[in-house]
Number of protein chains: 2
Amino acid sequence: MGAKIRNMEEFAAAVGISRPTVSKYFHDPESVRPTTRARIEAALEKYDYRPNIFAMNQNRKLTKNVGIVVPYLADPFFAEIARILETRCIEAGYRPTLFSSHGSTELECEILDTLRSMKPAGVLLAPLGRATDRKALENFCRHVPTLIFDSSVEEFGIAFVGSDNFQFTRVITDYLCRTGSPPVFFEMKTPANPNAHRRRQAYIQAMEQFGHEPHVVSVPGEGWAFEEIARRGAHEAFEAGQITGDTILCSNDRLAIGLMTACYERGLRVGRTADCAIRVAGMDGHPLSRFTCPPLTTVAHDYENVAQKAATTLFEALREGPGPWKSTRIEGKLVMRDTA
Amino acid sequence: MGAKIRNMEEFAAAVGISRPTVSKYFHDPESVRPTTRARIEAALEKYDYRPNIFAMNQNRKLTKNVGIVVPYLADPFFAEIARILETRCIEAGYRPTLFSSHGSTELECEILDTLRSMKPAGVLLAPLGRATDRKALENFCRHVPTLIFDSSVEEFGIAFVGSDNFQFTRVITDYLCRTGSPPVFFEMKTPANPNAHRRRQAYIQAMEQFGHEPHVVSVPGEGWAFEEIARRGAHEAFEAGQITGDTILCSNDRLAIGLMTACYERGLRVGRTADCAIRVAGMDGHPLSRFTCPPLTTVAHDYENVAQKAATTLFEALREGPGPWKSTRIEGKLVMRDTA
DNA sequence: GCGCAAACTTGTCGCGCGTAAAAAATTTAT
DNA sequence: ATAAATTTTTTACGCGCGACAAGTTTGCGC
């Protein structure tokens, strides 16, 4: 096989062309003549040479790196979005690197620092929300082309892509009102994510529009253990008689899952048939919402679309330079199942 | 505030000490005199200088990078393990980078390539399993100190850390036999993960030991959509009369969740009380197993311990050089809940 | 105060590649 | 066949830092 290739110099020598041309090839394979490209790719098979990514990125004005940051990767929603985003980046020829803030402000700041030193072409960032260090994020956005997704933080970055929380809530509130008694809204008192506030507002607005009295139950709890917070909160709310009526709309599916567990523990049968005591609905289209017992009625994010839109918006901005800040909110789809 | 710092040279000048000393500080803050350290750290606050990570890693013999690779990040088990591993790495002063193979052999190979070019100090890798390219992995392990976790691939890498599937299965089989009729084993015919085979073997062994006839139901399906595979497979198995007895042990919790959905759809009440038709148990201690209805009886991984052991084993090997290959299997804890 | 080790400084080299400009070779159009 | 356009080569420099060697200062125990 011949001696091992140590650097681009040696590789170029082995192929029989000059190093700058090889360098050009790695920057963009289309930019060299087809015959040259073929020769390089043939040699690439023969010797398993790969350019040193550190040396590559050191002098490049703009790298092909893309950072993907989510607030909590163990949350299936973010895991799923992150998965699709990664795939889209790779397809577009970028090198994605995935980060999770694990719910920590400090970690989010550190990630921002790390990211800056990586000179990324762009960043897809879902902020922690309430716990985000605004100043740090604003400063970061000034230096790195950043697309904010999931939850909006003012008008930072080049654009925002997320779900249309008002539409989400309106659709399901409407559905619940049409098919039975109007829902009570079940949420966390101090949610990590600002989307929760929008959903509460949208619920109140929709209820008033439909001529019903809104009724919000906010349960205490901090952090990302939503199911347990909902389970405990639900028990307390039931005992305190806060759950009026027989229909509960949860601010998200994870809360709904925890609430359903509490219902089970209290012997309350969940479902939309006559023999059931209570109706439950969620929002998000959690990967496991199909598999709860009974299967959960919810409004599902259009995961593919959100990710696709976020990725393409970023890539366009990278190609064509910064335009005016814009916000895209994607509608969800009502998924009618058995809980409501 | 003074002019912006562009590189270590300028930073050192601003602090009033020499560049090599600053370099030494970043390599190991303890290695410089306390007074010098204080001066550097004071300046670090003033100017927000960070060394260029590409230039840093280019010439270092051994970086502080650690790669973490999991087969499928949208699986809550891996999301949770990855989360803890990342934290441990940061605590130990390493810079973790997270990768998910997304269930794809090609992607796993690419990650291995990327990782090699990152010159990581070490790698924590959970292989795809059946779909892993053995040769590529073996070759990788020869070049990079790799700790394999979750599912063992021969004796590759410096060590293996995982769960004790035999103990897992024995414990729960024993429990099920003692508290009711012996279980049928429910699994995927072609599981992605080799642990599944061990669990089947362990089930058969345990059943024979306890004097019962083992009975395995293997359902068809490929990929990582375990719940749906289990749901469909369960329906078919019920219809074909393959589910003998009233107790089902699932190869993992995600299958159990899907199977419970099927039971719900068939009107079969799951639980361990007299009014229930069927008992179900799983394995893994899935984050949502507490919240199924009824809550799922399972054998839980000791997530913290597995991650801790994996991390410390790698770090020890990095400090003290390669020792003989060793394998650690950590026991799980029976979590008795309401399904069995 | 002495002596000595640890910590620091100065200076210099090189890593592997990006990048730029000018010269040479090749392809394409006329 | 010749001119024009494109691609490739040559040459040269620099990025920001790690690593090393040799000399200088500092801190510390006696």
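Under an unreviewed UniProt entry, the name given to chain A is DNA-binding transcriptional regulator, LacI/PurR family, and the source organism is Meinhardsimonia xiamenensis.

1. Some remarks on the overall build of chain A
Within chain A, the secondary structure is distributed over 12 helices and 12 strands. With the principal axes as the frame, chain A shows a C-alpha extent of 80 × 40 × 30 Å. The proportion of buried residues among the 340 residues of chain A is 54%. The long-range fraction of contacts in chain A, counting pairs at least 24 apart against all pairs at least 6 apart in sequence, stands at 70%. Accessible area for chain A stands at about 14600 Å²; split by element, carbon and sulfur atoms hold 49% of it. Once the 41 positive and 41 negative side-chain charges of chain A are each reduced to a mean point, those two points are 6 Å apart.

2. Concerning the relation of the copies chain B and chain A
The transformation that overlays chain B on chain A combines an axial shift of 0.0 Å with a rotation of 180°, and the residual RMSD is 0.1 Å. Taken together, the turn and the small shift mark the pair as related by a two-fold rotation axis. Distance from the rotation axis, computed per C-alpha, reaches its smallest value in chain B at phenylalanine 54 of chain B: 2.2 Å.

3. Quick notes on the protein's contact with DNA strand C
Around DNA strand C sit 25 residues, and of these Met8, Ser23 and Tyr49 of chain A together with Thr21 and Thr36 of chain B come closest. The separation between a phosphate oxygen of DNA strand C and a polar main-chain atom of methionine 8 of chain A is 2.3 Å. Between DNA strand C and arginine 33 of chain B there is a distance of 3.0 Å, counted from a phosphate oxygen to a backbone nitrogen or oxygen. Counting residues per element, the ones that place at least two in the surface near DNA strand C are α2 (19–27) and α4 (53–59) of chain A together with α2 (19–27) and α4 (53–59) of chain B. With four residues, α4 of chain A is the largest single contributor of residues to the surface near DNA strand C. Broken down by class, the residue content of the surface near DNA strand C amounts to eight nonpolar, 11 polar and six charged.

4. With respect to the interface of chain B and chain A
Contacts between chain B and chain A engage 47 residues on the former and 47 residues on the latter. For the pairing of chain B and chain A, the buried interface totals around 4200 Å² over both sides, and the portion due to carbon and sulfur atoms is 63%. Between arginine 50 of chain A and aspartate 113 of chain B there is a salt bridge; the shortest N-O distance is 3.9 Å. The tally of links from chain B across to chain A stands at six residue pairs in polar contact (both at pLDDT 80 or more). At the level of secondary structure, the elements contributing two or more residues to the side of chain B that touches chain A comprise α4, α5 (76–91), β2 (95–100), α6 (105–117), α10 (226–239) and α11 (253–265) of chain B. In terms of residue class, the side of chain B that touches chain A is made up of 20 nonpolar, 11 polar and 16 charged.

5. Some remarks on the side chain of threonine 173 of chain A
For threonine 173 of chain A, the position within the fold is in helix α8 (residues 165–179). For threonine 173 of chain A, the contacting residues outside a window of four places in its chain are Pro183, Tyr203, Ala206, Met207, Phe210 and Leu249 of chain A.

6. Some remarks on the protein's contact with DNA strand D
Within the structure, DNA strand D sits among 25 residues, and Thr21 and Thr36 of chain A together with Met8, Ser23 and Tyr49 of chain B are positioned closest to it. Sugar plus phosphate, as a fraction of atoms of DNA strand D within 4 Å of the protein: 67%. Arginine 33 of chain A places a main-chain nitrogen or oxygen 2.9 Å from a phosphate oxygen of DNA strand D. Between DNA strand D and asparagine 52 of chain B there is a distance of 2.9 Å, counted from a phosphate oxygen to a backbone nitrogen or oxygen. Of all the secondary-structure elements, those providing two or more residues to the surface near DNA strand D are α2 and α4 of chain A together with α2 and α4 of chain B. Considering only residue class, the surface near DNA strand D consists of eight nonpolar, 11 polar and six charged.

7. Some remarks on the packing of aromatic side chains
To describe a pair of aromatic rings, you give the distance between the ring centres and the angle between the ring planes. A complete count under the given rule lists 20 aromatic pairs over all chains for this structure. Between phenylalanine 185 of chain A and tyrosine 203 of chain A, the ring centres sit 5.0 Å apart and the planes meet at 25°, which makes this aromatic pair stacked. With phenylalanine 185 of chain A in strand β6 (residues 184–188) and tyrosine 203 of chain A in helix α9 (residues 195–209), this pair connects stretches of sequence that are 18 residues apart. The residues phenylalanine 185 of chain A and tyrosine 203 of chain A share a single accessibility class, namely buried. Geometrically, the ring pair formed by tryptophan 224 of chain B and phenylalanine 226 of chain B is stacked, given 5.6 Å between the ring centres and 20° between the ring planes. Cluster of aromatic residues (ring-pair linked, three or more members): Tyr72, Phe77, Phe78, Trp224, Phe226 and Tyr303 of chain A.

8. What to know about the sheet that holds β6 of chain A
All names here are of chain A. The strand order β7-β6-β8-β9 describes an open sheet built from four strands, whose pairing is parallel. Each end of this open sheet is capped by a strand with a single partner; those strands are β7 (216–219) and β9 (279–281). Looking at each pair of strands side by side, their axes are set apart by 25° on average, direction ignored. Strand direction decides the pairing type here: strand β8 (residues 247–250) and β9, joined by three bridges, are parallel. Bridge pairing in β9 links isoleucine 248 to valine 280. Where α8 meets the sheet, its contacts fall on β8 and β9, and the angle it forms with β8 comes to roughly 170°.

9. A look at the pairing of strand β7 (residues 216–219) of chain B
Residue and element names in this part refer to chain B. The alternating pattern of β7 places Val217 and Val219 on a buried face, while none of Val216 and Ser218, on the opposite face, is buried. Both strand β6 (residues 184–188) and β7 contribute to a ladder of four bridges, which runs parallel. Bridge pairing in β7 places phenylalanine 185 opposite valine 216. Read as a crossover between parallel neighbours, the route from β6 over helix α9 (residues 195–209) to β7 is right-handed.

10. Considerations on unusual backbone geometry
Residue proline 294 of chain A follows cysteine 293 of chain A across a cis peptide bond; omega there is -5°. One can find proline 294 of chain A in the loop between β9 and β10 (298–300). Residues other than glycine seldom take positive phi values, yet lysine 119 of chain A does so here, at roughly 45°. Take lysine 119 of chain A: it is sitting in the loop between α6 (105–117) and β3 (122–125). Residue lysine 119 of chain A is classed as partly exposed on the basis of its relative accessible area, which comes to 26%. For aspartate 284 of chain B, which is not a glycine, the phi torsion comes out positive at approximately 135°. Inspection of the secondary structure assignment puts aspartate 284 of chain B in strand β9 (residues 279–284). The exposure class assigned to aspartate 284 of chain B is buried, which follows from its relative accessible area of 14%.

11. A word on the UniProt feature "domain: HTH lacI-type" (unreviewed entry) in chain A
The positions that UniProt labels "domain: HTH lacI-type" (unreviewed entry) are, in the present scheme, residues 6–60 of chain A. Across residues 6–60 of chain A, the secondary structure splits into 67% helix and 0% strand, with the terminal C-alpha atoms separated by 21 Å.

The rules we used
Residues numbered from 1 in each chain as written. Chains lettered and ligands numbered in written order. Predicted model: local features only at pLDDT ≥ 70, side-chain atom pairs only at ≥ 80, totals over all residues. Heavy atoms only, no water. Helix = DSSP H or I, 4+ residues; strand = E, 2+ residues; numbered from the N terminus. Buried < 20%, exposed > 50% of the residue type's maximum accessible area, 1.4 Å probe, protein only. Contact = heavy atoms within 4.5 Å. Areas by Shrake-Rupley, 256 points an atom, 1.4 Å probe, with all protein chains shown as cover. Lys, Arg positive; Asp, Glu negative; His and termini not counted. Charge placed at Lys NZ, Arg CZ, Asp CG, Glu CD. Least-squares fit on C-alpha atoms with pLDDT ≥ 70 in both. Near = heavy atom within 4 Å. Polar contact = N/O pair within 3.5 Å; in protein donor to acceptor, adjacent residues only side chain to side chain. Nonpolar A, V, L, I, M, F, W, Y, C, P; charged D, E, K, R; others polar. Buried area = accessible area lost by both parts, 1.4 Å probe. Salt bridge = Lys/Arg side-chain N within 4 Å of Asp/Glu carboxyl O. Phe/Tyr/Trp six-rings, centres within 6.5 Å; stacked < 30°, edge-to-face > 60°. Pairing = 2+ DSSP bridges. Axes fitted to C-alpha atoms, helices over the stretch in contact; angles between N-to-C directions. Right-handed = clockwise from strand over helix to strand, strands pointing away. UniProt positions renumbered as here; feature names shortened; annotations may be inferred.

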